[in-house]
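As a plain string of letters, each chain reads:
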Amino acid sequence: MTVQQDIGRPLRGEFLARYLDNLALLERLHRLMLDVIKDEFERLGLMDINPVQALLLFNIADQEVTAGELKTRGYYQGSNVSYNLKKLVELGYIHHKRCAVDRRSVRVRLTAEGLLVRDRISELFARQANTLTDEAIVDFATLDTVARTLKRIERFWSDQIRYIY
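Summarised in this report is the structure supplied together with it.

Before going further, it helps to spend a moment on the pairing of strand 3 (residues 106-110). Here two bridges tie strand 1 (residues 65-66) to strand 3, and the two strands are oriented antiparallel to one another. From the neighbouring strand, Thr66 faces strand 3, where its bridge partner is Arg107. As paired elements, strand 2 (residues 94-98) and strand 3 share five bridges and run antiparallel to each other. When the sheet's bridge partners are listed, His95 is paired in strand 3 with Arg109.

This is the structure in structure tokens:
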């Protein structure tokens, strides 16, 4: 331990290594979540949409939104959300209509079929939450700490984009 290091605090190199490990873990978790959704949909025989599109339906839920609103909320990048919304309209999972005020903007909402997909994702996540608690894999306090930590990192990254120094 160096004189400069506070007791109990990791060295800068150790912190960087842990930070990079966590970034890689976030990426792997996102891909795994998509694989879990894909696996669930294969079991249910829902083969016409991909996991990203299913999550888009889940995030729209019972709201009427624009692609810009989904992008602003941080769910998707512009071209990605536009492409997937177009595909979901073609497949009958989403209704779309032009805004009366801004004719360039399109508002979307889920069809009955889209609501069914959203319900399947909700059921999947509820089953997973129950298993996590029933099998004592993660408790609420730990999950809450993780969420608060991730929100602080999200805020930090957002500030990096807005206020580059």
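Text resumes after the structure shown.
Bringing the side chain of Gln53 into the picture now. Its location among the elements puts Gln53 in helix 2 (residues 51-60). For Gln53, a relative accessible area of 4% translates into the label buried. Apart from the residues within four sequence positions on either side, Gln53 is in contact with Asp48, Asn84, Lys87 and Leu88.

Moving on, we come to the environment of Cys99. Considering the arrangement of structural elements, one finds Cys99 in the loop between strand 2 and strand 3. What makes Cys99 buried here is its relative accessible area of 14%. The spacing of Cys99 and Thr66 is 33 residues in sequence and 9.2 Å in space, taken between C-alpha atoms. Excluding residues within four positions of it along the chain, Cys99 makes contact with Ser105 and Arg107.

Conventions and cut-offs
- Residues numbered from 1 in each chain as written.
- Predicted model: local features only at pLDDT ≥ 70, side-chain atom pairs only at ≥ 80, totals over all residues.
- Heavy atoms only, no water.
- Pairing = 2+ DSSP bridges.
- Helix = DSSP H or I, 4+ residues; strand = E, 2+ residues; numbered from the N terminus.
- Buried < 20%, exposed > 50% of the residue type's maximum accessible area, 1.4 Å probe, protein only.
- Contact = heavy atoms within 4.5 Å.

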